[in-house]
Amino acid sequence: MSNRGNFSGQIGFILAATGSAVGLSNIWRFPYLTGQNGGAVFLIIYVLCIFLFCFPVLVGEIAIGRAGGKDAYGSYKKLGNKKWGWLGLGGIISGIFILSYYNLVAGWAFGYFFEIVFFSALSETDHAGFFSSFISNMSSSFIYAFVFLFLTAACVVQGIQKGIEKLNKILMPSLLIVLLGLIAYALTLPRAMEGITFYLVPDFSAITKQTLFDALRLSFFTLSIGVGGLITYGSYLDKGQNIVRSSAIVTMSDTTVAFLAGLMIFPLVFSAGKSPTEGPALVFIVLPEIFKGMGPLLGRIVGGAFFLLLCFATLSSCVSLLELAIAYFIDEKKLPRKKIVWIVAAVIFIIGIPSTLSFGDYPIFNKLSFYKDRDFFTLVADVTDISLTVGGCLMCLFIRNRWKMVNLNQELTFGNPGFPGSFVQRYINFAIGYLCPTLLAVLSALIIIDKIFGI
Ligand code: TRP
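Participant: Mind showing me how you'd approach the overall build of the chain here?
Facilitator: Of regular secondary structure, the chain possesses 20 helices and zero strands. The C-alpha radius of gyration of the chain comes to 21 Å, within 12% of the 23 Å expected for a compact globule of 455 residues. Its C-alpha atoms put the chain at 60 × 50 × 45 Å along the principal axes. Classification of the 455 residues of the chain by burial places 62% in the buried group. Partitioning the intrachain contacts of the chain with sequence separation of at least 6 by distance along the chain shows that 81% fall at a separation of at least 24. Accessible surface computed for the chain: about 17400 Å², of which carbon and sulfur atoms make up 69%.

This is the structure we're talking about:
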């Protein structure tokens with residue numbers, strides 16, 4: 001046990017879990033989905049989903065990790081049995097696949113940082129054309145993805161305190177400083193207030209089924225729950241720490257970063273007279289156009305800062321996804337961290353090759369006939385998305401039917417003597433016992449129907 005590593009204390013754990021949570025979904029997906037789904041109403045629904053449904057699942061995951069004291073597979077096996085271990089293993093495999101495509105997008109952000117600051121991306125006249133040629137340029141895509149994964153592995157190889165915790169202690173405050181700087185700048189722009197109005201004054205007529213669906217899916221992804229990443233981080237947490245309070249802080253920090261990202265992006269978008277409904281293109285096409293409009297020097301500074309921010313956020317998420325798999329090999333297979341990190345990273349890079357090729361001129365990867373002619377990247381993203389909600393649902397059933405609620409409550413009482421009998425306890429028990437498994441089962445079915453049958 002002693003040589004597994006552990007976080008130095010509550011702050012280290014909170015920063016690492018926040019680093020895992022804050023990622024592409026806060027700075028890329030949240031703003032574009034808010035833009036597409038009517039602004040403020042989406043924000044409200046998203047925040048409700050996070051606190052009502054995701055927070056209890058987050059608490060449950062961390063508790064399983066701390067009680068099990070091992071990687072995702074080992075913790076389920078120890079608290080349940082070998083069969084439940086398979087749930088942990090499924091999560092680990094899913095995490096590997098998430099990292100294989102997530103790292104590619106992280107590589108794009110990394111590449112954009114260089115293209116904007118050092119090369120001529122801002123002098124382009126056609127930013128949409130630039131983006132599509134950027135992602136279809138296989139050699140640079142592979143190089144950027146490779147370097148990003150290398151950085152991830154270089155951090156994980158250092159272990160929990162010297163690698164993961166130290167990285168997040170630097171990255172998270174830096175991220176906040178850059179973000180606040182960009183917001184301060186965006187708010188001084190003409191017509192910034194139109195962006196703020198769109199973002200903060202709700203128009204309830206904009207709610208559709210899609211709004212609810214998108215908000216729910218995003219909220220599970222953003223907290224990194226469902227695949228056991230937090231079981232792994234929880235296993236490095238000591239018994240004296242208050243899991244409920246730490247989870248609340250992580251949930252709030254993650255939501256705050258998403259909120260701040262919107263507060264930066266919408267004033268920028270509205271002041272440049274652009275539409276917020278561009279979808280995924282918002283960050284890679286609309287923003288560079290706006291940075292260009294600021295002139296060569298200011299555009300480089302603001303644009304460079306923005307993509308640096310995106311890299312900070314994604315690196316700490318990639319680290320948590322890699323650690324999920326590494327912990328398994330260390331705990332279950334007794335392999336040394338120093339070696340296994342590089343091997344697993346290499347395997348993940350190889351698994352990511354078809355996703356990268358999806359954006360090139362390779363019909364075998366970008367037009368899958370068995371998946372409605374969609375590309376391989378989309379297939380991996382969709383399947384792993386389903387694994388989060390299915391994994392979350394099964395985790396709740398595990399706690400309820402196998403590990404039992406009394407054991408969860410006992411685990412949550414360590415470091416938090418006021419927990420038994422509190423309102424929070426009753427809510428968490430109700431949510432994990434009934435609300436979340438039902439909701440997640442329905443949501444999983446809806447995602448499957450939507451993705452596979454397109455209804
Ligand atoms: N939460 C991260 C984001 O918002 C992504 C992420 C990291 C993740 N670890 C995860 C998603 C584990 C699901 C499961 O970008």
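Participant: Teacher, can you tell me more about helix α1 (residues 10-21) here?
Facilitator: Given 3.6 residues to a turn, an α-helix orients residues that are three or four positions apart in the same direction. With 12 residues, α1 extends 16 Å from end C-alpha to end C-alpha; this agrees with the ideal 16 Å at 1.5 Å per step. For α1, a buried count of 11 out of 12 residues is recorded, marking the element as mostly surrounded by other parts of the structure. For α1, the set of buried residues is Gln10, Gly12, Phe13, Ile14, Leu15, Ala16, Ala17, Thr18, Gly19, Ser20 and Ala21.

Participant: Mind showing me how you'd approach a nonpolar patch on the surface here?
Facilitator: A surface patch of nonpolar side chains, about 520 Å² in accessible area, is lined by Ile44, Leu48, Leu52, Phe204, Ile207 and Leu212. The leading source of residues in the nonpolar patch is helix α3 (residues 40-68), at three residues. Looking at the secondary structure, you find Leu52 in helix α3. A residue is classified by how much of its surface remains accessible, and Leu52, at 36% relative accessible area, is partly exposed.

Participant: Hey, could you run me through the nonpolar core in this one?
Facilitator: Soluble, globular proteins show a tendency: their nonpolar side chains are buried together. Met264, Phe291, Phe306 and Phe307 are the most contacted members of the largest nonpolar core, which has 169 residues in total. Here the element with the most residues in this core is helix α14 (residues 296-333); it accounts for 19 residues. Apart from the residues within four sequence positions on either side, Met264 is in contact with Leu179, Leu182, Ile183, Ala186, Phe306 and Leu309.

Participant: What should I look at first to understand the packing of aromatic side chains in this one?
Facilitator: Ring pairs (aromatic) are described by centroid distance and by the angle formed between their planes. Scanning all chains against the criterion turns up 48 aromatic pairs. When the centroid spacing of 5.5 Å and the interplanar angle of 80 degrees are considered together, the rings of Phe7 and Tyr233 count as edge-to-face. Separated by 226 residues along the polypeptide, Phe7 in the segment before α1 and Tyr233 in helix α11 (residues 229-234) bring together distant segments of the chain. Here Phe7 and Tyr233 have matching classes, each one buried. Ring centres of Tyr112 and Phe284 lie 5.2 Å apart, and the angle between their planes is 80 degrees; this geometry places the pair in the edge-to-face category.

Participant: Quick question: what am I supposed to make of the site of the ligand here?
Facilitator: Taken together, 16 residues form the shell around the ligand, and within it Ala21, Ser25, Tyr102, Phe221 and Ser224 come nearest. Between the ligand and Ser20, the relevant distance is 3.2 Å, taken from a nitrogen atom to a main-chain nitrogen or oxygen of the residue. A distance of 3.3 Å is found between a nitrogen atom of the ligand and a side-chain nitrogen or oxygen belonging to Ser320. Its free accessible area being 360 Å², the ligand has 99% of it covered by the protein chains. The cavity that encloses the ligand is the largest cavity. Broken down by secondary-structure element, the contributors of at least two residues to the shell around the ligand are α1, α2 (24-36), α5 (82-117), α10 (209-222) and α14. Partitioning the shell around the ligand into residue classes produces eight nonpolar, eight polar and no charged.

Participant: Help me understand the environment of Val250 in this model?
Facilitator: Residue position: Val250 is located in helix α12 (residues 243-271). For Val250 and Ile343, which are 93 residues apart along the polypeptide, the C-alpha to C-alpha distance reads 31 Å. If near-sequence neighbours (up to four positions away) are discounted, Val250 is found in contact with Ile14, Ala17, Thr18 and Leu58.

Participant: I'm lost on empty space enclosed by the protein in this one. Help?
Facilitator: By rolling a water-sized probe across the atoms, one finds the places where empty space is left. Under the definition given, this model contains two cavities of 30 Å³ or more. Within the residue set of the lining of the largest cavity, elements represented by two or more residues are α1, α5, α11 and α14. Here the lining of the largest cavity gets four residues from one element, more than from any other, and that element is α14. Considering only residue class, the lining of the largest cavity consists of 10 nonpolar, seven polar and no charged. A volume near 70 Å³ is recorded for the second largest cavity.

Participant: Explain the environment of Cys54 here, please?
Facilitator: Inspection of the secondary structure puts Cys54 in helix α3. Since its relative accessible area comes to 0%, Cys54 is described here as buried. For the pair formed by Cys54 and Asn416, sequence separation is 362 residues and the distance between their alpha carbons is 20 Å. Setting aside residues up to four positions removed in sequence, Cys54 forms contacts with Cys49, Ser219, Phe220, Leu223 and Ile225.

Participant: For this particular structure, what's the right way to read the packing of α12 against helix α13 (residues 281-293)?
Facilitator: Each pair of packed helices can be summarised by the angle the axes make with each other and by the distance between the axes. Relative to each other, α12 and α13 sit at 55 degrees, their axes nearing to 10 Å. Classified by the interaxial angle, the pair formed by α12 and α13 is oblique. Crossing handedness for the pair α12 and α13: left-handed. For the pair formed by α12 and α13, the contact residues are Ile265, Leu268 and Val269 on the first element and Leu282, Val283, Leu287, Ile290 and Phe291 on the second.

Participant: What exactly am I supposed to notice about the side chain of Asn103 here?
Facilitator: Take Asn103: it is sitting in helix α5. A distance of 3.4 Å separates a polar atom in the side chain of Asn103 from the backbone nitrogen of Leu149. In contact with Asn103, not counting residues within four places along its chain, are Ala145, Phe148, Leu149 and Cys318.

Participant: What should I look at first to understand helix α7 (residues 138-156) in this one?
Facilitator: Look at α7: 27 Å from first C-alpha to last across 19 residues, which is about the 27 Å you get at 1.5 Å a residue. Within the sequence span of α7, burial applies to Met138, Ser140, Ser141, Tyr144, Ala145, Phe148, Leu149, Thr152, Ala153, Cys155 and Val156. Structurally, α7 contributes buried residues whose contacts are with α5, α6 (127-136), α8 (160-187), α14, α15 (337-351) and α16 (353-357).

Calculation rules
- Residues numbered from 1 in each chain as written.
- Predicted model: local features only at pLDDT ≥ 70, side-chain atom pairs only at ≥ 80, totals over all residues.
- Heavy atoms only, no water.
- Helix = DSSP H or I, 4+ residues; strand = E, 2+ residues; numbered from the N terminus.
- Rg over C-alpha atoms; globule rule 2.2 N^0.38 Å.
- Buried < 20%, exposed > 50% of the residue type's maximum accessible area, 1.4 Å probe, protein only.
- Contact = heavy atoms within 4.5 Å.
- Areas by Shrake-Rupley, 256 points an atom, 1.4 Å probe, with all protein chains shown as cover.
- Expected span 1.5 Å × (residues − 1).
- Patch = residues over 30% accessible without salt bridge, like charges linked within 9 Å, V, L, I, M, F, W, Y side chains within 5 Å.
- Salt bridge = Lys/Arg side-chain N within 4 Å of Asp/Glu carboxyl O.
- Core = buried A, V, L, I, M, F, W, Y, C linked by side-chain atoms within 4.5 Å.
- Phe/Tyr/Trp six-rings, centres within 6.5 Å; stacked < 30°, edge-to-face > 60°.
- Near = heavy atom within 4 Å.
- Polar contact = N/O pair within 3.5 Å; in protein donor to acceptor, adjacent residues only side chain to side chain.
- 1 Å grid on protein atoms, 1.4 Å probe; cavity = no way out; pocket = protein on both sides within 12 Å on 5 of 7 lines; lining within 4 Å.
- Sits in = over half its atoms within 2 Å of the grid points.
- Nonpolar A, V, L, I, M, F, W, Y, C, P; charged D, E, K, R; others polar.
- Points joined across faces, edges and corners; volume = space filled by probe spheres on them.
- Axes fitted to C-alpha atoms, helices over the stretch in contact; angles between N-to-C directions.
- Parallel < 35°, antiparallel > 145°, perpendicular 65-115°, else oblique.
- Left-handed = near helix turned anticlockwise from the far one by under 90°.

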